[in-house]
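Listed below are the residues making up each chain.
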Amino acid sequence: MNNKTEIKKTSFFRGLTGQILIAMFLGATLGIILHNTISHEAAVEFSDKIKMLATIFIRLVQMIISPLVFTTLVVGIAKLGDIKTVGRIGGKALAWFFTASFVSLLIGLFYINILQPGVGLKLDHVDMAAASEVTAKTQTLSFDNFITHIVPKSIFEAMATNEILQIVVFSIFFGLAAASLGSTVKPVINALDKMSHIVLKMVNYVMNFAPIGVFGAIAGVFAVRDAEELLITYFKFFGSFLIGIGTLWAVLILVGYIFLKGRMTELLRRITGPVAIAFGTTSSEAVFPKLTEELEEFGVKDKIVSFMLPLGYSFNLDGSMMYMTFASIFIAQFYGVHLDIGTQMVMLLVLMLTSKGIAGVPRASLVVVAATCGMFDIPIEGIAIILPIDHFCDMFRSATNVLGNALATSVVGKWEGDNEINFDVPSDTNS
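Residues numbered from 1 in each chain as written. Predicted model: local features only at pLDDT ≥ 70, side-chain atom pairs only at ≥ 80, totals over all residues. Heavy atoms only, no water.

With an unreviewed UniProt entry as reference, the chain is termed Dicarboxylate/amino acid:cation symporter, source organism Flavobacterium frigoritolerans. For the record of the chain, the UniProt heading Subcellular location (unreviewed entry) holds the text "Cell membrane". (UniProt positions renumbered as here; feature names shortened; annotations may be inferred.)

Shown next, in the form of structure tokens:
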């Protein structure tokens, strides 16, 4: 018994998840030591240099996202066979996404009104200039821009900029056209299928750099920020946010057990690594290829995974949604702007729409929050109030987004019938 336990412990720490957790601990330790022993200027210089490790890792992942989305989605749609099937799965996907988004927004709305972390809060030395980068992007955020932005001007431009939603639109048309031509295009589909397997093999190589990237990201943040002082200053805000995000996790996991039964435990085990990477790098995009691989190994058919995940990354950001209502009303509370429940519900519906076009935008959640504040006469510069703590909130938002998309993909796979996901035969836990 002891030998088995020892083997499990050893394999855990040799595995990707264990390495990432160790990298997070070492990065935080190094960052805290340097923050307390060197000058602020030296710490900033160190942070800029060490963060390059995270930047390189994320760029390596971004390098393979476009070909992965295109090849797997085209092959998946060609296997689905017709526009009726694509429409059916797409309808189920959007129904799930909008329901999950609405519940996430409601959770944020509930806790910000019950706990009221912004009421009576006094903050000194708020850097208003730091918000200019975010507020400058709000002018391009509108429903009209989102609608026109969906359709790519060029697939090559969309791939070059990793515009996932635009790649999805092109791939759907390409896949449906290929499916309509029947056996004559089989060589093309087979070639794309083989290419997708090559890209997934590249994922394994790239993921070896994940602990290094997480180490750089964490060390860089802790070197320049006094986490203890920040968390004390923002104790009520951050604590309230964690209660909200914890509730969202509980709801998602409960729903997962309702639909997936005992297989939910295995799903959670499989996505531990991707969740840890998203948490450490504050980028759910960084785990897209790895999450694709894990869900296929979990038992969801590749045609479902390749269709659902790209859509989910554009429409199903549960953690970000919860944060948007929370942060918007927090800023209103800080400035003493009263919003009745009716106005807050209108804000919620606005966020439901405007947030759907933000995938791939740096500080995307903050851009939407700033735009929403402007619509409801809340001082837009209030975004500077939450900027200092936003990185730590983003860690939890990104991890939650990964959980939400993994769950959505698995459940829609279940809805499509047991032939789409094997719920009766447990998969090899060593794979």
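Don't stop here, the text continues.
Student: Can you help me understand the pattern of salt bridges in this one?
Tutor: For side chains of opposite charge, pairing can occur when their charged atoms come near one another. The final tally for this structure, using the stated rule, is ten salt bridges. In this structure, Glu266 and Arg263 form a salt bridge, with 3.0 Å as the shortest nitrogen-oxygen distance. Placement of the pair is Glu266 and Arg263 together in helix α13 (residues 263–270), with a separation of three residues, close to one helical turn. For Glu266, a relative accessible area of 10% puts it in the buried group. Overall, the relative accessible area of 7% leaves Arg263 in the buried class. Glu297 is paired through a salt bridge with Arg270; the nearest N and O atoms lie 3.2 Å apart. Here Glu297 is found in helix α15 (residues 288–298), whereas its partner Arg270 is found in helix α13, with 27 residues between them in sequence. Ionic contacts of the salt-bridge type, sharing partners, join the residues Arg263, Glu266, Arg270, Lys290, Glu293, Glu294 and Glu297 into one network. (Salt bridge = Lys/Arg side-chain N within 4 Å of Asp/Glu carboxyl O. Helix = DSSP H or I, 4+ residues; strand = E, 2+ residues; numbered from the N terminus. Buried < 20%, exposed > 50% of the residue type's maximum accessible area, 1.4 Å probe, protein only.)

Student: Just to check I follow, could you spell out unusual backbone geometry for this structure?
Tutor: Peptide bonds are mostly trans, and most non-glycine residues show a negative phi. Even without a glycine there, the phi angle at Gln116 is positive, about 45°. Even without a glycine there, the phi angle at Thr282 is positive, about 55°. Structurally, Thr282 is set in the loop between α14 (272–281) and α15.

Student: Teacher, can you tell me more about the UniProt feature "transmembrane region" (unreviewed entry) in the chain here?
Tutor: Annotation from UniProt places "transmembrane region" (unreviewed entry) at residues 12–36, 56–81, 93–114, 164–185, 205–225, 237–260, 341–359 and 366–389. Taken end to end, residues 93–114 is 100% helix and 0% strand, and its two terminal C-alpha atoms sit 32 Å from one another.

Student: Is there a simple way to think about the packing of α15 against helix α20 (residues 383–415) in this case?
Tutor: Helix-helix packing is characterised by the crossing angle of the two axes and by the distance between the axes. One way to put it is that α15 packs onto α20 with a least axis distance of 11 Å and a crossing angle of 35°. Every pair of crossing elements has a handedness; the one defined by α15 and α20 is right-handed. Where α15 approaches α20, its residues Leu291, Leu295 and Phe298 are matched on the opposing element by Val402, Ala406, Thr409 and Ser410. (Axes fitted to C-alpha atoms, helices over the stretch in contact; angles between N-to-C directions. Left-handed = near helix turned anticlockwise from the far one by under 90°. Contact = heavy atoms within 4.5 Å.)

Student: Just to check I follow, could you spell out helix α9 (residues 186–207) for this structure?
Tutor: Structurally, the α-helix is built with 3.6 residues per turn, so residues lying three or four positions apart point the same way. With 22 residues, α9 should cover 32 Å at 1.5 Å per step; its first-to-last C-alpha distance of 32 Å lies within 8% of that length. What α9 keeps buried is the set Ile189, Leu192, Ser196, Val199, Leu200, Val203, Val206 and Met207. Buried residues in α9, looked at end-on, bunch into an arc of 110°, giving them a common side. Those residues of α9 that are exposed and aimed more than 90 degrees away from the buried face are Pro187, Lys194, His197 and Ile198. For α9, the secondary structure elements touched by its buried residues are α2 (16–37), α3 (40–80), α8 (164–180), α10 (210–224), α14 and α15. (Expected span 1.5 Å × (residues − 1). Arc of directions from axis to C-beta.)

Student: What exactly am I supposed to notice about a nonpolar patch on the surface here?
Tutor: Among the surface-exposed residues, Ile22, Phe25 and Leu26 lie close enough to one another that they form a single nonpolar patch of about 300 Å² accessible area. The residue Leu26 is located in helix α2 in this model. (Patch = residues over 30% accessible without salt bridge, like charges linked within 9 Å, V, L, I, M, F, W, Y side chains within 5 Å. Areas by Shrake-Rupley, 256 points an atom, 1.4 Å probe, with all protein chains shown as cover.)

Student: Explain the environment of Met347 here, please?
Tutor: Relative to the assigned elements, Met347 resides in helix α18 (residues 341–354). The class of Met347 is buried, set by a relative accessible area of 0%.

Student: Sorry, what's going on with the confidence of the model for the chain here?
Tutor: Should the pLDDT be low somewhere, the predicted coordinates at that spot are not to be read in detail. Residues of the chain with pLDDT of at least 70 account for 84%, and the chain-wide mean is 82. Mean pLDDT across the elements of the chain ranges from a minimum in helix α1 (residues 2–14), with 46, to a maximum in helix α12 (residues 235–260), with 94. Note on residues 1–12: pLDDT under 50 across the span, and three contacts to partners over four residues away in sequence or across chains. (pLDDT = per-residue confidence, 0-100.)

Student: Would you mind going over α15 with me for this structure?
Tutor: Along α15, nine of the eleven residues are buried, which leaves the element largely enclosed by surrounding structure. Regarding α15, the residues found buried are Phe288, Pro289, Lys290, Leu291, Thr292, Glu293, Glu294, Leu295 and Phe298. Phi turns positive, to about 130°, at Gly299, one or two residues after α15.

Student: Quick question: what am I supposed to make of the packing of aromatic side chains here?
Tutor: One pair of aromatic rings is described through two measures. These are the centre distance and the angle between the planes. Considering all chains together, one arrives at 18 aromatic pairs under this definition. Aromatic pair Trp96 and Trp415: ring centres 5.8 Å apart, planes at 65°, arrangement edge-to-face. With Trp96 in helix α4 (residues 83–115) and Trp415 in helix α20, the pair connects residues that are 319 residues apart, well separated along the chain. The exposure class of Trp96 is buried, given its relative accessible area of 10%. For the ring pair Phe288 and Tyr313, a centre distance of 5.0 Å and an interplane angle of 80° mean the geometry is edge-to-face. Pair noted here: Phe288 is in helix α15 and Tyr313 is in helix α16 (residues 302–315), with a separation of 25 residues, a long-range link. Residue class for Phe288 comes out buried when judged on its relative accessible area of 2%. A residue is classified by how much of its surface remains accessible, and Tyr313, at 5% relative accessible area, is buried. (Phe/Tyr/Trp six-rings, centres within 6.5 Å; stacked < 30°, edge-to-face > 60°.)

Student: Is there a simple way to think about the environment of Phe241 in this case?
Tutor: Of note, Phe241 is situated in helix α12. Counting along the chain gives 126 residues from Phe241 to Leu115, while the straight-line C-alpha distance between them is 9.7 Å. In this structure Phe241 touches Met322, Tyr323, Phe326, Cys393, Phe396 and Arg397, once residues within four positions along its chain are discounted.

Student: Please clarify how the nonpolar core should be interpreted in this entry.
Tutor: One recurring pattern in soluble globular proteins: nonpolar side chains tend to sit buried together. In this structure, Phe57, Phe237, Ile386 and Phe392 are the most contacted members of the largest nonpolar core, which totals 118 residues. Ranked by the residues each element gives to this core, the list is headed by α20, at 16 residues. Residues in contact with Phe237, not counting those within four places in the same chain, are Pro117, Tyr323, Phe326, Phe330, Ile386, Ile389 and Cys393. (Core = buried A, V, L, I, M, F, W, Y, C linked by side-chain atoms within 4.5 Å.)

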